[in-house]
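Close look at the chain arrangement
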Amino acid sequence: VQLQASGGGLVQAGGSLRLSCASSGRTFSVYAMGWFRQAPGKEREFVAAISWKGGITRYADSVKGRFTISRDNAENTLYLQMNSLKPEDTADYYCAAARYGTPPLTPKIADFGSWGQGTQVTVSS
């Protein structure tokens, strides 16, 4: 599956952004999907994941209560609504397709087989 993320930008602390990830593959709806991020000089880390039907979601503790992952299988699109943004949320954000339909309790990079290019999010203080 091919993925393309968009929606990043520059926002002030406390602001909101909505990331989108469009898939060109016909198998989008059968896989769990996720968002990861990578800040300069740091390793890529898990942000959020959602099951193939959208009924199960997982979040990193650092974004719980602020970020919401969702998907529209009819439109082959994954979303990440980011509210109450903090400077520490600054990173390149990547969407990815998992190797199965339900994300594990603690998703890892190895659980995802297809990746989109990153979209940059910068949060100013």
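Refer to the structure printed above.
Anyway, here's the lowdown on the structure attached to this text. Note that the coordinates shown come from a computational prediction; the quantities given were computed from them, not determined experimentally.

Looking down a regular strand, the side chains alternate between one sheet face and the other. Extensive coverage of strand β4 (residues 33–38) is indicated by the burial of five of its six residues. Relative to strand β5 (residues 45–50), β4 runs antiparallel, the two sharing five bridges. Looking at the pairing, G34 lines up with A49 of β5. Between the antiparallel neighbours β4 and β5 lie six residues, among them G41 with a positive phi of about 80°. Across six bridges, β4 lies against strand β9 (residues 91–98) in antiparallel orientation. The partner of M33 across the bridge, within β9, is A97.

Considering all chains together, one arrives at one disulfide under this definition. Between the sulfur atoms of C21 and its disulfide partner C95 the distance amounts to 2.1 Å. On the sign convention where negative means left-handed, the S-S torsion of about 65° between C21 and C95 marks this disulfide as right-handed. With C21 in strand β3 (residues 17–23) and C95 in strand β9, the pair connects residues that are 74 residues apart, well separated along the chain. An identical accessibility class is assigned to C21 and C95; each is buried.

Attention now moves to the environment of N76. Note that N76 resides in the loop between β7 (67–72) and β8 (77–82). Along the sequence, N76 and F28 sit 48 residues apart, while their C-alpha atoms lie 6.0 Å from each other. Discounting residues that sit within four places of it in the chain, N76 has contacts with C21, A22, S23, G25 and F28.

Evaluated as defined, the whole model comprises four salt bridges. For D89, the salt bridge identified is with R37, shortest N-O distance 2.9 Å. Here the residue D89 occupies a position in the loop between β8 and β9, and R37 occupies one in strand β4, the gap between them amounting to 52 residues. Overall, D89 belongs to the buried group, its relative accessible area being 0%. Among the residues examined, R37 registers a relative accessible area of 6% and is labelled buried. In this structure, K64 engages D61 in a salt bridge whose closest nitrogen and oxygen atoms are separated by 3.2 Å. Here the two residues K64 and D61 agree in accessibility, since each one is exposed.

What follows deals with the nonpolar core. Counting 34 residues, the largest nonpolar core has W35, V47, F67, L78, L80, M82 and Y93 as its most contacted members. Every element with two or more residues in this core is listed here: β1 (3–6), β3, β4, β5, β7, β8, β9 and β11 (119–124). With six residues, the top contributor of residues to this core is β9. In this structure, L78 is in contact with L19, S20, C21, F28, M33, G34, W35, I50, I69, S70, R71 and C95, ignoring residues within four places of it in sequence.

What counts and how
Residues numbered from 1 in each chain as written. Predicted model: local features only at pLDDT ≥ 70, side-chain atom pairs only at ≥ 80, totals over all residues. Heavy atoms only, no water. Buried < 20%, exposed > 50% of the residue type's maximum accessible area, 1.4 Å probe, protein only. Helix = DSSP H or I, 4+ residues; strand = E, 2+ residues; numbered from the N terminus. Pairing = 2+ DSSP bridges. Disulfide = S-S within 2.5 Å. Contact = heavy atoms within 4.5 Å. Salt bridge = Lys/Arg side-chain N within 4 Å of Asp/Glu carboxyl O. Core = buried A, V, L, I, M, F, W, Y, C linked by side-chain atoms within 4.5 Å.

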